[in-house]
Amino acid sequence: MCGIVGAVAQRDVAAILIAGLKQLEYRGYDSAGLAIISADKQLHCLRRVGKVEKLQQAVIESPVFGGTGIAHTRWATHGIANETNAHPHISHQQIAVVHNGIIENHQQLRQQLIEQGYTFSSETDTEVITHLTHFHLQTTETLLEAVQKTIKQLQGAYGTVIIDKNDPEQMIVARSGSPLVIGYGLGEHFVASDPLALLAVTRRFSFLEEGDIAQISRFSVKIFDAQGDPVKRDIVESQTSNESNDKGQYKHYMLKEIFEQPLALQRTLAGRIQQHKIAPDCFPNEKLQGIEHIQIIACGTSYHAALVARYWFESLAGISCNVEIASEFRYRKSVTPKNSLLITLSQSGETADTLAALRLAKQLDYQTTLTICNSPESSLVRESDIAYMMKAGREVGVASSKAFTVQLAALLMLVATLGRQHQLSADREKQIVEALQSLPAKIEQVLAMEQQIKQLAEGFADKHHSLFLGRGEQYPIAMEGALKLKEISYIHAEAYAAGELKHGPLALVDADMPVIVVAPDNELLEKLKSNVEEVRARGGLMIVFADKNSGFKSDDTMQVLEVPHCDPIIAPIVYTIPLQLLSYHVALIKGTDVDQPRNLAKSVTVE
Ligand code: G6P
């Protein structure tokens, strides 16, 4: 996590740094800071707790001038979110450092530096980079050499940028485990965690690779690989659109993104369906020939999309499928069945655990790797054999909404594509395609339920706990509903497969614990109804999102909201929408920070 921006230019860079940080708030928003070297070679540092806006205000009140500077927006790992722990960290009023990642041996290095007479002012792991660089600078000729020596001593993950007020014409940047991109301007250069931060100043980028260190000045960029040898990294033109992304008529990005789902789904389907079939170039068939097993890796909301896909791969395509959380997969020894496809699912394409899992999988016996991703220039896209671009449009709200439903649509297209080699008939493929094509209109109908859901939320906002129930592929949808509610309203929410209710969670059920049930018209409906009766018999209060043909009726113990009838294949996508709206409206009543909930970040680039 954490967002980094740096610049070496002739003009003042404070505004560029702040604008860049604003684009990177999705990586963390606990505190923000910048350090700039002024023309008289003084280091000026400003740090503020809270969002970038606070830092911007501080810069307006005390302007900082200078052409070389670094800036940072933080997601706290070591040390609480206060001003002393905010980046940049400074050594001897000379060296300033911003860092994204975790230095795992920081305690040992801290001890060694204390023995050398260094004083630490923060609890962060980052501060060791600052003092270590200062320490090495006493015996090296250049800042580059000092950083090279420093980096050799670091264990863990870092994307870091270092400046020295005595050498104001350059910055040194290093990457291992945390992404950094160099932006090329005319007589000026930049660095950032994500090209998005720099689109206002350049569209030409080169991506640093693992172990790279770069020396960046106004007129040159010298890159050295992990062995210290000079290397060239391709300069590419960014494909990311720089269109303004404001909230429009909506109060929050999340609401805007919920309402954008019909459009996002249309975009992902466009050009990918031909005559009742998934188009041949949607997924490159030659690389996917003979796939007999699928392993999906993801985190958070993307993991829930993967869980739904497991039901589809096995029931529709007849292909065995495992799903695992990336942070578990990467640290266990797994067996790779023959002819396996590894799929990573990620909105950002930069989730540290998912990326590490992909890298691990490349050393295992997978036939090929595929990512379904929303960020064309991300590490996952660059490092996977096959990339399916989701085209959901930029998602700003930390709690994922449209990325989830678009991931599901993409997975359904993959199920149809791979299913052809297995049990999926042309008729069934046609049915999947038609169901997918009906999605945008169906979702519009569900979005029209907003007022009803808003009223429902009013009876919910004073609750402290809640239970979400579903069966079959609706079980992961219940999980996603519970995740949304806890992320943005801070209400404790758990999800259970409804059949598991009597194995524990039923003990929790009382009038203070609302139970939310997702009940489409499918072959598990009657089983689900029995589970609902179990809750009713224990005095539980239920909210049931049900198909109009399901037979559920509102009464004293149950509020039923009718969801338009849909093909059961796409029901997981359709039933996601009311749960998103419910969480949103509960959060709104509770007055939480919907788009940037406490303690979270959109892109989790540390493990
Ligand atoms: C964070 C975000 C979630 C997201 C998860 C995985 O936790 O807050 O919304 O689902 O990361 O992110 P990815 O970008 O890999 O889908």
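Scroll up a little and you will see the structure.
Overview of the structure. The structure displayed is predicted, hence computed values, not measured ones.

Overview of the sheet that holds strand β19 (residues 320-325)
Part 1 of the reasoning: One open sheet holds the five strands; their spatial order is β19-β18-β20-β21-β22, and the pairing between them is parallel. Two strands bound the open sheet, and with one partner strand each, they are β19 and β22 (386-389). On average, each strand axis in the sheet is inclined to that of its neighbour by 20°, with strand direction left out of account.
Part 2 of the reasoning: Pairing geometry for strand β18 (residues 293-298) and strand β20 (residues 340-346), over five bridges, is parallel. The partner of His293 across the bridge, within β20, is Ser340.

Here we look at empty space enclosed by the protein
Part 1 of the reasoning: Using the criterion set out here, one finds two cavities of 30 Å³ or more in the structure.
Part 2 of the reasoning: Of the pockets and cavities examined, the largest cavity occupies roughly 60 Å³.
Part 3 of the reasoning: When its residues are assigned to classes, the lining of the largest cavity shows two nonpolar, seven polar and two charged.
Part 4 of the reasoning: Computed from the structure, the second largest cavity encloses a volume of approximately 40 Å³.

What about the pattern of salt bridges?
Part 1 of the reasoning: Per the counting criterion, the structure on display carries 23 salt bridges.
Part 2 of the reasoning: Measuring nitrogen to oxygen at the nearest pair gives 3.8 Å for the salt bridge that ties Glu434 to Lys430. Taken as a pair, Glu434 and Lys430 lie in helix α14 (residues 426-447) at a separation of four residues, close to a single helical turn.
Part 3 of the reasoning: When its relative accessible area of 38% is taken as the criterion, Glu434 is described as partly exposed.
Part 4 of the reasoning: The salt bridge involving Lys484 is made with Glu480; its shortest N-O contact spans 2.6 Å.

So, the packing of helix α7 (residues 261-269) against α14
Part 1 of the reasoning: Where α7 meets α14, the axes come as close as 8 Å, and the angle between the chain directions of the two elements is 175°. In terms of orientation, α7 lies roughly antiparallel with respect to α14. Contacts between α7 and α14 involve Gln261, Pro262, Leu265, Gln266 and Leu269 on the former and, on the latter, Leu436, Gln437, Leu439, Pro440, Ile443, Glu444 and Leu447.
Part 2 of the reasoning: Partitioned by chemical class, the residues of the contact of α7 with α14 number eight nonpolar, three polar and one charged.

Notes on the layout of surface pockets
Part 1 of the reasoning: Size it by volume and the second largest pocket reaches roughly 550 Å³.
Part 2 of the reasoning: Together, 27 residues line the second largest pocket, and Cys299, Gly300, Ala601, Lys602 and Val604 are the ones closest to its centre.
Part 3 of the reasoning: Elements that contribute at least two residues to the lining of the second largest pocket include exactly α9 (300-317), β20, α11 (352-362), α13 (402-419) and α16 (474-489).
Part 4 of the reasoning: Here the lining of the second largest pocket takes three residues from α9, the largest share from any one element.
Part 5 of the reasoning: Of the residues in the lining of the second largest pocket, the class split is 11 nonpolar, 12 polar and four charged.

Overview of the site of the ligand
Part 1 of the reasoning: Neighbouring residues of the ligand: 13 residues in total, closest Ser302, Ser346, Gln347, Ser348 and Thr351.
Part 2 of the reasoning: Ser348 is positioned with one of its side-chain polar atoms (N or O) 2.7 Å from an oxygen atom of the ligand.
Part 3 of the reasoning: In the environment of the ligand, an oxygen atom lies 3.1 Å from a nitrogen or oxygen atom belonging to the backbone of Val398.
Part 4 of the reasoning: Here the ligand loses 90% of its free accessible area of 390 Å² to cover by the protein chains.
Part 5 of the reasoning: Comparing atom positions with the cavity grids shows the ligand to sit within the second largest pocket.
Part 6 of the reasoning: The element best represented in the shell around the ligand is α9, accounting for three residues.
Part 7 of the reasoning: Its residues assigned to classes, the shell around the ligand shows four nonpolar, eight polar and one charged.

Conventions used here
- Residues numbered from 1 in each chain as written.
- Predicted model: local features only at pLDDT ≥ 70, side-chain atom pairs only at ≥ 80, totals over all residues.
- Heavy atoms only, no water.
- Pairing = 2+ DSSP bridges.
- Helix = DSSP H or I, 4+ residues; strand = E, 2+ residues; numbered from the N terminus.
- Axes fitted to C-alpha atoms, helices over the stretch in contact; angles between N-to-C directions.
- 1 Å grid on protein atoms, 1.4 Å probe; cavity = no way out; pocket = protein on both sides within 12 Å on 5 of 7 lines; lining within 4 Å.
- Points joined across faces, edges and corners; volume = space filled by probe spheres on them.
- Nonpolar A, V, L, I, M, F, W, Y, C, P; charged D, E, K, R; others polar.
- Salt bridge = Lys/Arg side-chain N within 4 Å of Asp/Glu carboxyl O.
- Buried < 20%, exposed > 50% of the residue type's maximum accessible area, 1.4 Å probe, protein only.
- Parallel < 35°, antiparallel > 145°, perpendicular 65-115°, else oblique.
- Contact = heavy atoms within 4.5 Å.
- Near = heavy atom within 4 Å.
- Polar contact = N/O pair within 3.5 Å; in protein donor to acceptor, adjacent residues only side chain to side chain.
- Areas by Shrake-Rupley, 256 points an atom, 1.4 Å probe, with all protein chains shown as cover.
- Sits in = over half its atoms within 2 Å of the grid points.

These values are about where atoms sit, not about what they do.
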